[in-house]
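# Structural features, examined
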Amino acid sequence: RRLILATRNEGKIKELHAILADAGLDLELVGADAYPDIPDVRETGVTFAENALLKAHALAQATGLPAVADDSGLCVDVLNGAPGIFSARWAGRHGDDKANLDLLLAQLADISDPHRGAHFACAAALALPDGTERVVEGRLTGTLRHEPVGTNGFGYDPILQPEGHAVTCAELTPAEKNAISHRGKAFRALVPVVRELVS
Ligand code: ITT
């Protein structure tokens, strides 16, 4: 039985493969890249959960197979939760991780350490072709560095230092990040739901 991973973000795909493999799901995981003719859905939701459901439904409808999707982002306390759902295109061009990170650091240049709180958020959605849907969320809280450090991961990983850690997400190994991340928490919570609804 196939389960579609409704994302074209390479960083997410790698992490989802590892997180779902660890969960021992007896499903063939197939990225949205296997369906290049299916157009990207417009992310018109105003929450991570809404956008994750839009992406999961679009792939489930187009393929006739169950699909899971991830909508995620970085929420900065002093920016009232921005970039939030706009994290992938904060600097204008969708998926330009370096430009997004550089712009955010510039915007926070005058913000001192006690005020640099932030969290990663992830909504993990499951949609079935019959319209059934479920969504769960996970968070990783921490503080933002003044300079990027580390080369692992993707997106804003080089600037987010998780609470209780002395290094950034980009200095953690993939397994260490998945163990504590927003994505790890959300998808581990989704696994029993997948087990129940996808057989
Ligand atoms: P899909 O819609 O195809 O899944 P996307 O990259 O457009 O890919 P989102 O709209 O959910 O996905 O944007 C997520 C952005 O949030 C991503 O581009 C990163 O900039 C940031 N982000 C999410 N999770 C992250 C993580 O674990 N580490 C670092 N940055 C992350």
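All values reported here derive from a predicted model rather than from experimental measurement. Position numbers for residues start from 1 in each chain and track the written sequence from start to end. Residues qualify for local features only when their pLDDT is at least 70, as the model is predicted, and side-chain atom pairs are given and counted only at 80 or more; totals for whole chains, interfaces and linings, by contrast, use all residues.

### A short note on the site of the ligand
Note the threshold: We call a residue near a molecule or strand when its C-beta atom, built from the backbone, sits within 6 Å of it. The helix and strand labels rest on DSSP assignments: H or I over at least four residues marks a helix, E over at least two residues marks a strand, and numbering proceeds from the N terminus. In this classification, the charged set is Asp, Glu, Lys and Arg, the nonpolar set is Ala, Val, Leu, Ile, Met, Phe, Trp, Tyr, Cys and Pro, and all remaining amino acids, among them Gly, are polar.
Near the ligand lie 24 residues; those nearest to it are Thr7, Asn9, Ser87, Ala88 and Gly155. Of all the secondary-structure elements, those providing two or more residues to the shell around the ligand are β3 (67–76) and α3 (97–107). By residue number, the principal contributor to the shell around the ligand is β3, which donates five residues. Tallied by class, residues from the shell around the ligand come to six nonpolar, ten polar and eight charged.

### Some details on the sheet that holds β3
The line we're drawing: What makes two strands pair is DSSP finding at least two bridges between them. Structural elements are reduced to axes, namely lines fitted to C-alpha atoms, with helices fitted over the stretch in contact, and the angle between N-to-C directions of any two is expressed from 0 to 180 degrees.
With respect to topology, six strands assemble into an open sheet ordered β2-β1-β3-β4-β5-β6, the strand pairing being mixed. Lying at the two open borders of the sheet, with one neighbouring strand each, are β2 (28–31) and β6 (160–162). On average, adjacent strands in this sheet sit at an angle of 35° to one another, irrespective of strand direction. As paired elements, strand β5 (residues 133–144) and β6 share three bridges and run antiparallel to each other. Its bridge partner being in β6, threonine 143 is matched across the sheet by glutamine 161.

### Here's the deal with the nonpolar core
Just so we agree on the cut-off: The term nonpolar core means buried Ala, Val, Leu, Ile, Met, Phe, Trp, Tyr and Cys residues held together as one set by C-beta atoms within 7 Å. Buried residues are those with 20 or more other C-beta atoms within 10 Å of their own C-beta, exposed residues have 12 or fewer, and partly exposed residues lie in between; C-beta atoms are placed from the backbone. Our contact criterion uses C-beta atoms placed from the backbone: two residues qualify when those atoms are within 7 Å.
Ala6, Ala52, Ala56, Ala67, Val68, Ala124 and Ala125 are the most contacted members of the largest nonpolar core, which totals 44 residues. Elements supplying a minimum of two residues to this core: β1 (2–5), α1 (10–22), α2 (48–63), β3, β4 (117–127), β5 and α5 (182–197). Of the residues forming this core, the biggest block, nine residues, is contributed by β4. Non-local contacts of valine 68, meaning those with residues more than four positions away in its chain, are made with Leu3, Leu5, Ala6, Ala56, Ala124, Ala125, Leu126 and Leu190.

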